[in-house]
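# Summary of the model geometry
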Number of protein chains: 2
Amino acid sequence: MKYYAKPIGRLINELSKLPGIGGKTSQRLAFHILSMEDEHAEALANAIIDAKKSIHFCSVCGNLTDVDPCSICSDASRNGKIVCVVESPQDVMAIERIKEYRGLYHVLNGAISPMDGIGPADINLKSLIVRLQEDDTVEEVILATNPNIEGEATAMYIARLIKPTGIAVSRIAHGIPIGGDLEYADEVTLLKAVENRRQL
Amino acid sequence: MKYYAKPIGRLINELSKLPGIGGKTSQRLAFHILSMEDEHAEALANAIIDAKKSIHFCSVCGNLTDVDPCSICSDASRNGKIVCVVESPQDVMAIERIKEYRGLYHVLNGAISPMDGIGPADINLKSLIVRLQEDDTVEEVILATNPNIEGEATAMYIARLIKPTGIAVSRIAHGIPIGGDLEYADEVTLLKAVENRRQL
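Predicted, not measured: the structure shown is a model, and the values here were computed from it.

As a further point, take the interface of chain A and chain B. Interface size is commonly expressed as the accessible surface area that is lost when the partners come together. Each side of the interface is counted separately: chain A has 52 residues, and chain B has 50 residues. The contact between chain A and chain B buries some 4,800 Å² in all, and 70% of this surface belongs to carbon and sulfur atoms. There are four salt bridges connecting chain A and chain B. Its salt-bridge partner being Lys52 of chain A, residue Asp38 of chain B comes within 3.5 Å of it at the nearest N-O pair. If one sorts the elements of the side of chain A that touches chain B by residue count, helix α3 (residues 38-54) of chain A sits on top with 14 residues. Looking at side-chain class alone, the side of chain A that touches chain B contains 28 nonpolar, nine polar and 15 charged residues.

Here is the structure:
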């Protein structure tokens, strides 16, 4: 690290902490940032700080938002009878991209994973149960957790919790390849998955 | 872009301007930054701002530095008789990594490229000539520009400029990389390797 000035070393070091950014890439990014116009570099730095400052979890659904409740929860044109349960805000974006689903969401911000010591209490699940108890307009809960071990376990767990309440519980269809990631699914596959959701 | 809150969209947009960072990657990075501890995100933002603020070109060699002259130029233990000419600060780092070269540098911050409209006046070349005129301790200039069309043209141009001054001018060797495979070497490299063969 002694080959470059300290501020460059620090920038390379901070960039290399980002996921998928290795040593060479962080070096390339750092030198690119140094060659950028001052205002563009500042825009990047400010975007980071502003996003961290203004973004928080929606008190209703758990999605990331800068207003509370989030723009989806407060959208009166959406169908409040259906709540789609997903693991992350990225998954909300993925489902919004298919432009077909008009219900609401509930973001767990995680999945049950005993291997990692993540239990039902460690994800945004209790608020879903409370929400379903308080809001009797909800008629169906679509479980759109990822089609992997943790996601399936989470879906089964939530299904068992909700079933007794009489609310319909469905699981998105396995059109999505097992082991895949919702965030990276293409729109058509995702649309099929929502259409073919099955009763549990 | 309407699927996520504005500050997230802005962060994704700023990140996607970085080289090699596409849509999906910038999204992944943005959500990673949002999930980071506040102080880590701030450290990243501050590293960007500090680097942009404190880093400038060394008035002697043109390298990026936070002091002037840079730590290499002001290092009395280095051999001032040799100046190695490179295209970029990254090249300085690459040569420093071999831990063998103890001379000084001159960073052109570019290469002559008529195709891109970059002439000798657009790179940090004039200061090299002035430097060689004013500092009569320099005995050799090593041209370590990249082995491509622009780098070769730049090296030839500088060699022609310096030759009349009586200072020795050399070019780094081209050949088969150590650990490389003759079978997979391209024709031009192989030709250079044969042409530049040394007596054993």
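Turning our attention to the sheet that holds strand β5 (residues 140-143) of chain B. All names here are of chain B. Strand order in the open sheet formed by four strands is β4-β3-β5-β6, and the pairing between neighbours is parallel. Lying at the two open borders of the sheet, with one neighbouring strand each, are β4 (103-107) and β6 (168-171). The mean inter-strand angle of the sheet, taken between neighbouring strand axes irrespective of direction, is 25°. Taken together, the four bridges between β5 and β6 define a ladder with parallel strand orientation. Along β6, the bridge assignment pairs Glu140 with Ala168.

In this section: the side chain of Thr145 of chain B. Residue and element names in this part refer to chain B. Considering the arrangement of structural elements, one finds Thr145 in the loop between β5 and α6 (149-162). Its relative accessible area of 1% is what places Thr145 among the buried residues. A polar contact of 2.8 Å, which involves the side chain of Thr145, links it to the backbone oxygen of Gly151. Excluding its chain neighbours within four sequence positions, the residues that come into contact with Thr145 are Val85, Glu87, Leu108, Gly151, Thr154, Ala155, Arg171 and Ile172.

At their nearest, the axes of α3 of chain A and helix α1 (residues 6-15) of chain B sit 9 Å apart, and the two run at 150° to each other. One finds that α3 of chain A runs roughly antiparallel with respect to α1 of chain B. Considering how the two elements wind past one another, α3 of chain A and α1 of chain B form a crossing that is left-handed. Contacts from His40, Ala43, Leu44, Asn46, Ala47, Ile48, Asp50, Ala51 and Ser54 of chain A of α3 of chain A reach α1 of chain B at Pro7, Arg10, Leu11, Glu14 and Leu15 of chain B. Its residues assigned to classes, the contact of α3 of chain A with α1 of chain B comprises eight nonpolar, three polar and three charged.

Between helix α2 (residues 23-35) of chain A and helix α3 (residues 38-54) of chain B, the shortest axis-to-axis distance is 9 Å and the interhelical angle comes to 55°. Judged by the angle between their axes, α2 of chain A and α3 of chain B are oblique. In this structure, the crossing between α2 of chain A and α3 of chain B has a hand that is right-handed. Contacts between α2 of chain A and α3 of chain B involve Ile33, Leu34 and Ser35 of chain A from the former and Ile48, Ala51 and Lys52 of chain B from the latter. For the contact of α2 of chain A with α3 of chain B, a count of residues per class yields four nonpolar, one polar and one charged.

Turning to helix α5 (residues 126-134) of chain B, a few remarks are in order. The periodicity of an α-helix, 3.6 residues per turn, causes residues three or four positions apart to be oriented the same way. Residue and element names in this part refer to chain B. Considered for burial, the residues of α5 that qualify are Leu128, Arg131 and Leu132. Down the axis of α5, the buried set is contained in an arc of 95°. They therefore lie on one face. For α5, the exposed residues set more than 90 degrees away from the buried face come down to Lys126, Gln133 and Glu134. Contact partners of the buried residues in α5: β3 (79-86), β4, β5 and α6.

Let us look at unusual backbone geometry. If a residue is not glycine, its phi is most likely negative; likewise, a peptide bond is most likely trans. Residues and elements named next belong to chain A. In this structure, the amide linkage connecting Asp68 to the following residue, Pro69, adopts the cis form with an omega of -5°. Positionally, Pro69 belongs in the loop between β2 (64-65) and β3 (79-86). Even without being glycine, Lys99 reaches a positive phi, approximately 60°. Along the chain, Lys99 turns up in the loop between α4 (89-97) and β4 (103-107).

Rules used throughout
- Residues numbered from 1 in each chain as written.
- Chains lettered and ligands numbered in written order.
- Predicted model: local features only at pLDDT ≥ 70, side-chain atom pairs only at ≥ 80, totals over all residues.
- Heavy atoms only, no water.
- Contact = heavy atoms within 4.5 Å.
- Buried area = accessible area lost by both parts, 1.4 Å probe.
- Salt bridge = Lys/Arg side-chain N within 4 Å of Asp/Glu carboxyl O.
- Helix = DSSP H or I, 4+ residues; strand = E, 2+ residues; numbered from the N terminus.
- Nonpolar A, V, L, I, M, F, W, Y, C, P; charged D, E, K, R; others polar.
- Pairing = 2+ DSSP bridges.
- Axes fitted to C-alpha atoms, helices over the stretch in contact; angles between N-to-C directions.
- Buried < 20%, exposed > 50% of the residue type's maximum accessible area, 1.4 Å probe, protein only.
- Polar contact = N/O pair within 3.5 Å; in protein donor to acceptor, adjacent residues only side chain to side chain.
- Parallel < 35°, antiparallel > 145°, perpendicular 65-115°, else oblique.
- Left-handed = near helix turned anticlockwise from the far one by under 90°.
- Arc of directions from axis to C-beta.

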